[in-house]
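Each chain, written out:
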Amino acid sequence: MLNDEEIKKYEIIEKVINGLMTRKEASIELNLCLRQIDKLKRKYVTDGKDGFIHGNRGKENQNKKGDDLINEIEQLYLDKYYDFNFTHFYEDIIFGNYDISYDAMLKRFTEDEIISPLAHKKTIKEYKEKMNTVIKDDKLNEEKEKKVELYKSRIIEAEKAHTRKSSNLFVFGQEVQMDACEKYWFGGIVSYLHLAVDKATKKVLFGWFEFEEITRGYFVLLFHIIINYGIPVKIKADNRSTFTANNAKDKRKALTQFGKICEELNIVLHTTSISTAKANVEIENETFKNRLISELRFEGITTIDEANDYLNNVFIPKINKKFSYVIDKKTSLMRENTYTEEELKLIISERKEKVIDNASSISYNYKYYVPINPETGELINFMKGTKCILIINYDGEYWGEIEGHYYQMIELENRDTVMKKESEVNTIKKEHHKYIPPKSHPWRKNMMLKH
């Protein structure tokens, strides 16, 4: 049997044969060249209607994938990788392991009511209608039940991927963008992913999980950026209190801890309240949401230490290899790091101004600390009123900068109010003469009159 298109061709060629239509009119009507019209005329004469039937009619496509292969891939996705988007699933799991193209896999997934976490609104609308029909079916087999559960539990993200473009206006190290993203990343608890991204190469320089968006998270980012790549020219971040003193009248004089570190390392710190001004780190946040959460869940990672290890040793190198550009060392503006790790840990630290009391100690968080020579372990005494800069370094150790020298600050378990010399301790106290007013004193007179 001829289909509608083939019947149309047959009828027009019949008119040409009978002289009711010219070859040129037929070519315009069928959108074919004159040579193809002549070929169809010959088929009409030799084969009649059978000549207009397509040659592949009734033949099976040689490249068609078997149902067993498709069913295996679908079961794999539904059982283990249900929160992977289709591109992520194909690139990491299917490609190289199964003989199937992405388009073929996508087509069968679509036909079998399996939707991606990043499905478009139009697709979601169509699936709602299909799945409502499936849900109403009283006789659900195990496979359909899995698809229904997947559909019910799927959280559709409204954000779409941004186009990644390289910029000739920036070079590596010219601008590093920092931000933190709150999410249920692992273990069913809320945590914050701190990220640092280079604007020119789109490379994720480092990432770090904390349970809060805190200054230490950004300290960790800066430390590893300098150790692994060098000192950037500029850091761009939001207007949170880590980076800017929002309540200060004169912001030039009231630098934050992070701002003082940038000033010492000669890094320009720029803050903004506009998210599109630091679009690169915002884009990476979306990419990490779409990929990292599902990978951490699949790997069974539930602790923050495991998450940080997987993030920097597995996930970020994989993302950089796929999405970032090669670093051009000739044009790079990353300054070479000339500090040792120990020096850098003292620079990237919290600093608080303190004053030594009469016990040669300082107080912090209701505890007392005394300066110790780090080389000899000897307790060093200073006069009351001496200024001390308390330093909480990258490792959480307490140090003090006093009179241009660094001392390790050790917590005192028992503290006397005054540190005394041995000679003073052995001295016998002199008894002071007690003054007794005479009976004629007005106070004593009044007391006597009352009694």
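Above this text you will find the structure in question.
Notes on the structure in this doc start here. (Residues numbered from 1 in each chain as written. Predicted model: local features only at pLDDT ≥ 70, side-chain atom pairs only at ≥ 80, totals over all residues. Heavy atoms only, no water.)

**Remarks on the pairing of strand β9 (residues 387–392)**
Where strand β6 (residues 350–355) meets β9, six bridges bridge the pair, whose relative direction is antiparallel. Among the inter-strand pairings, Lys352 is bridged to a residue of β9, identified as Leu390. Sheet analysis places β9 next to strand β10 (residues 398–402), joined by four bridges and oriented antiparallel. Note that in β10 the partner of Ile389 across the bridge is Glu401. (Pairing = 2+ DSSP bridges. Helix = DSSP H or I, 4+ residues; strand = E, 2+ residues; numbered from the N terminus.)

**Looking at the sheet that holds strand β11 (residues 405–411)**
If you trace the six strands from one edge of the open sheet to the other, you get β6-β9-β10-β11-β8-β7, paired in antiparallel fashion. On the outer flanks of this sheet lie β6 and β7 (362–364), each paired with one strand and no other. Strand-to-strand twist of the sheet, defined as the mean angle between neighbouring strand axes without regard to direction, takes the value 35°. (Axes fitted to C-alpha atoms, helices over the stretch in contact; angles between N-to-C directions.)

**Thoughts on the nonpolar core**
Ranked by internal contacts, the top residues of the largest apolar core, which has 30 residues, are Met178, Leu222, Phe258 and Ile348. For this core, the elements supplying multiple residues, two or more each, are β1 (176–186), β3 (204–210), α9 (215–228), β4 (234–237), α10 (257–264) and α13 (341–347). Here this core takes eight residues from α9, the largest share from any one element. Excluding residues within four positions of it along the chain, Leu222 makes contact with Met178, Ile235, Phe258, Ile261, Leu265, Ile267 and Ile348. (Core = buried A, V, L, I, M, F, W, Y, C linked by side-chain atoms within 4.5 Å. Buried < 20%, exposed > 50% of the residue type's maximum accessible area, 1.4 Å probe, protein only. Contact = heavy atoms within 4.5 Å.)

**Overview of the sheet that holds strand β5 (residues 268–271)**
Strands belonging to one sheet form pairs held by backbone hydrogen bonds; the direction of such a pair is parallel or antiparallel. The five strands lie next to each other as β3-β2-β1-β4-β5, forming an open sheet whose pairing is mixed. Each edge of the open sheet carries a strand with a single partner, namely β3 and β5. On average, adjacent strands in this sheet sit at an angle of 25° to one another, irrespective of strand direction. Direction of pairing for β1 relative to strand β2 (residues 189–198): antiparallel, over a ladder of nine bridges. The partner of Val176 across the bridge, within β2, is Asp198. Packed onto the sheet, α10 meets β1, β4 and β5 and runs at close to 145° relative to β5. Helix α12 (residues 304–323) rests against β1, β2 and β3 of the sheet, and its axis sits at about 160° to β3.

**Examining a negative patch on the surface**
Negative charge collects at one region of the surface, where Glu341, Glu342, Glu343 and Glu397 lie side by side. Inspection of the secondary structure puts Glu342 in helix α13. A residue is classified by how much of its surface remains accessible, and Glu342, at 52% relative accessible area, is exposed. (Patch = residues over 30% accessible without salt bridge, like charges linked within 9 Å, V, L, I, M, F, W, Y side chains within 5 Å. Areas by Shrake-Rupley, 256 points an atom, 1.4 Å probe, with all protein chains shown as cover. Salt bridge = Lys/Arg side-chain N within 4 Å of Asp/Glu carboxyl O. Lys, Arg positive; Asp, Glu negative; His and termini not counted. Charge placed at Lys NZ, Arg CZ, Asp CG, Glu CD.)

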